[in-house]
Amino acid sequence: MADLPIVRAHEFVVPGDSSYSFWRYRILEHVQHSLIEESEKDDVHLNREDRRGGRRTTHFGDSYHERILPHWEAFAAMKERMGGMQSFKMKEISLPPAPFFAEKLLPALASSNDTLVQLDLVCCKLGSSGFACVAEFLTDNASLTALDISINTINDVDDAKFLALAIWNHPALLFVNLSQCSIGKTQGVLSEVMGGAGNLETLLLDHNYIRPEGMALVADFLATNTVMTTLSVAENSQYNLTAEERSVDAADAIGKALKKNTSLRELNLFWCNGLNRPTFLGSRRATDLLTYLNLGGNRIGKEYGEMIANYLARNPALVELNLRWNGLASRAVKLIAEALKSNDTLRHLDLGCNNLGDRSVPFLADMLRHNSTLRTLKLIYAEIQIKSGARKKLINALCDTSSLNAIVESNHTCQLFMSSSCFGDTCELEMRKINALEDEGQKIRYKVVLALFAFDKDLFSPRSFDDVPLELMPRLLHLVQQEIGYGGFGEGIAKKMRKRRKNRFDPTLRRVHKVISGWNQLPLLFVRGPGVLKKKRKRKRHVMSYKDDEDEDWTPGSR
């Protein structure tokens, strides 16, 4: 295949074409290079991203042209001869029109029927014939465990029926992604898909225009399923609903289904119709088995803050909770923060894009001081102002600069996300990286250095070291000589590491002198210890005795 000539971008130009754009045809050249490179590998990974020459760029435009069909045919023939693939991934690259899939690509995939475990055909313009080929491949395959055919429109009920039947009969398939396939636009497609998903562990149906009656089908599916552990129906909210559709209470239907379901652990309901009243949170049977719950974008409102707080106070198995874009205010946050003081299972909480304001900062800061199990707290676009000092108060909960002991007792586990960059002197990014470390002793050392020279320079005072034990003073003297970003200290924490300062002024000796000269326990280093100093005995010199007359009689020959 390497002998095939590459058709350059300018060669695709038709004479008289006024809409010529270099990047429009650049992707066709990139596809040819990718087909040649991937044909020689055991596993295939084709996408729009061009990594040649150390670059990573994405090209726009149609990714197929009839002049690159020989490259596709040679690629399929090569993979059919090689066989033994474990994964075949293709993203945002258009396949040649029919009958290429059925006559060329399907035999190549069939050559790896016993080894292929992952098949991704994302945004490949499969069409009706493509879905039929995928269903045929699943019928003969017995090793596939993951199938991703998202961003390919399914608008035919027969296509959905054949595909669902193949998924249902497959002996090993566990993961299927059908996101952005417009399943909800055609009547009957969603019911066929849900009918064939009974044996799956993970099903993704995001952004499929599923209307309230479709959510009722999803709820009925959950009520009878005993295998599925992960279900995502995010971004299915519709604006052009009828009065009858608006009256459907999807939250109530899902709550009843969750009471009967005992296998589901992860549920994504981000931005869905009829979920602005999540009454199912008040039921133990419905939610206490979930480990991941996404209720973002549903405009729950502050009146349901108490229900969310009671749910978290029960200390369920929930590990991650997303409450973005729900109109929560400081009153709801106060209740949630109070509940999290006693919760020791939740690891990740997202409260971004809510009207929290500066009034909620004291509640969140107090929660961070009492909670040592929360790993991430996201407050991006939560109306927490910078000039008011509210952000600095939250950072102070992670690094309390009132004293050295307060730094040690601060929160060393939670990564706080308030913005994508660091504003003012909060050192938000550095603090986030420090709390992401595993060694707690290393976290404290970094925070002490930040507190001394970045947060509160008044802390760098001899009076702050009065309570430091004598045996810990050498370690403190070592810390005052450090500064994050210089001399290899803080690698991975600082944005940029520097070997020396631009002004060539090194304050190391001045810091050490200031600490030692102002330390009130300095005289202890020169105090004589108890006891009497013993005098050393003078060692006697032993001299061999001899007689003078023996020296006079001795001659070299008298031996």
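Note that this is a predicted model, so its numbers are computed, not measured.

Each value, and the rule that gives it
- Residues numbered from 1 in each chain as written.
- Predicted model: local features only at pLDDT ≥ 70, side-chain atom pairs only at ≥ 80, totals over all residues.
- Heavy atoms only, no water.
- Helix = DSSP H or I, 4+ residues; strand = E, 2+ residues; numbered from the N terminus.
- Buried < 20%, exposed > 50% of the residue type's maximum accessible area, 1.4 Å probe, protein only.
- Areas by Shrake-Rupley, 256 points an atom, 1.4 Å probe, with all protein chains shown as cover.
- Disulfide = S-S within 2.5 Å.
- Phe/Tyr/Trp six-rings, centres within 6.5 Å; stacked < 30°, edge-to-face > 60°.
- Lys NZ or Arg CZ within 6 Å of the ring centre and 35° of its normal.
- Salt bridge = Lys/Arg side-chain N within 4 Å of Asp/Glu carboxyl O.
- Pairing = 2+ DSSP bridges.
- Expected span 1.5 Å × (residues − 1).
- Arc of directions from axis to C-beta.
- Core = buried A, V, L, I, M, F, W, Y, C linked by side-chain atoms within 4.5 Å.
- Contact = heavy atoms within 4.5 Å.

### Topic: the overall build of the protein
- If you tally the helices and strands in the protein, you get 20 helices and 15 strands.
- By the burial criterion, 48% of the 559 residues in the protein qualify as buried.
- By element, 51% of the accessible surface of the protein is carried by carbon and sulfur atoms, the whole surface being about 29900 Å².

### A short note on the state of the cysteines
- A full pass over the atoms with the stated rule returns zero disulfides.
- Cys124 provides the cysteine sulfur closest to Cys123, a residue in no disulfide bond, and the two sulfurs are 6.9 Å apart.
- Of the cysteine sulfurs around Cys399, a residue in no disulfide, the closest is that of Cys427, at 9.1 Å.

### Details of the packing of aromatic side chains
- Summed over all chains, the structure comprises four aromatic pairs.
- Centre to centre, the rings of Phe75 and Phe88 are 6.4 Å apart; their planes meet at 45 degrees, and the pair counts as tilted. Taken as a pair, Phe75 in helix H2 (residues 69-82) and Phe88 in strand E4 (residues 87-91) lie far apart in primary sequence, 13 residues in all.
- Since its relative accessible area comes to 1%, Phe88 is described here as buried.
- Three or more aromatic residues joined by ring pairs form one cluster here, namely Trp72, Phe75, Phe88 and Phe100.
- The side chain of Lys185 reaches across the aromatic face of Tyr209, ending 4.3 Å from its centre.
- Lying over the aromatic face of Phe417, Lys378 brings its terminal NZ or CZ to 5.8 Å of the ring centre.

### Notes on the pattern of salt bridges
- The final tally for this structure, using the stated rule, is 11 salt bridges.
- Between Arg67 and Glu11 there is a salt bridge; the shortest N-O distance is 3.9 Å. With Arg67 in the loop between strand E3 (57-58) and H2 and Glu11 in the segment before helix H1 (22-38), this pair connects stretches of sequence that are 56 residues apart.
- Looking at Arg67, the relative accessible area reads 38%, which means it is partly exposed.
- In this structure, Glu338 and Lys341 form a salt bridge, with 3.3 Å as the shortest nitrogen-oxygen distance.
- One continuous salt-bridge network, built from bridges that share partners, spans Arg284, Asp288 and Arg314.

### Topic: the pairing of E4
- Where strand E1 (residues 44-46) meets E4, three bridges bridge the pair, whose relative direction is parallel. For His45, the partnering residue across the bridge sits in E4 and is Lys89.

### Regarding the pairing of strand E5 (residues 118-122)
- Burial analysis of E5 places four of its five residues in the buried class, the great majority of the element.
- When E4 meets E5, the two strands line up parallel, connected through five bridges. Each residue of the ladder has a partner; that of Ser87, found in E5, is Gln118.
- Pairing of E5 with strand E6 (residues 146-148), which is carried by three bridges, proceeds in the parallel orientation. Bridged to Gln118 within E6 is Ala146.

### Considering H2
- For H2, which comprises 14 residues, the first-to-last C-alpha distance of 20 Å matches the rise-based estimate of 20 Å (1.5 Å per residue) to within 8%.
- Considered for burial, the residues of H2 that qualify are His71, Trp72, Phe75, Ala76 and Lys79. Taken down its axis, H2 places every buried residue within 130 degrees of arc, on the same side.
- In the stretch just after H2, Gly83 is the one whose phi turns positive, near 60 degrees.

### Examining the nonpolar core
- With 147 residues, the main nonpolar core has Trp72, Phe88 and Leu379 as its most contacted residues.
- A per-element tally of this core places helix H17 (residues 440-455) first, with eight residues.
- When neighbours within four sequence positions are excluded, Trp72 is seen to be in contact with Val31, Leu35, Leu46, Tyr64, Met90, Ile93, Ser94, Leu95, Pro96 and Phe100.

### Things to note about the environment of Glu136
- Relative to the elements of secondary structure, Glu136 occurs in helix H4 (residues 127-140).
- With a relative accessible area of 42%, Glu136 lands in the partly exposed category.
- Linking Glu136 and Ala166, residues 30 residues apart in sequence, is a C-alpha distance of 7.6 Å.

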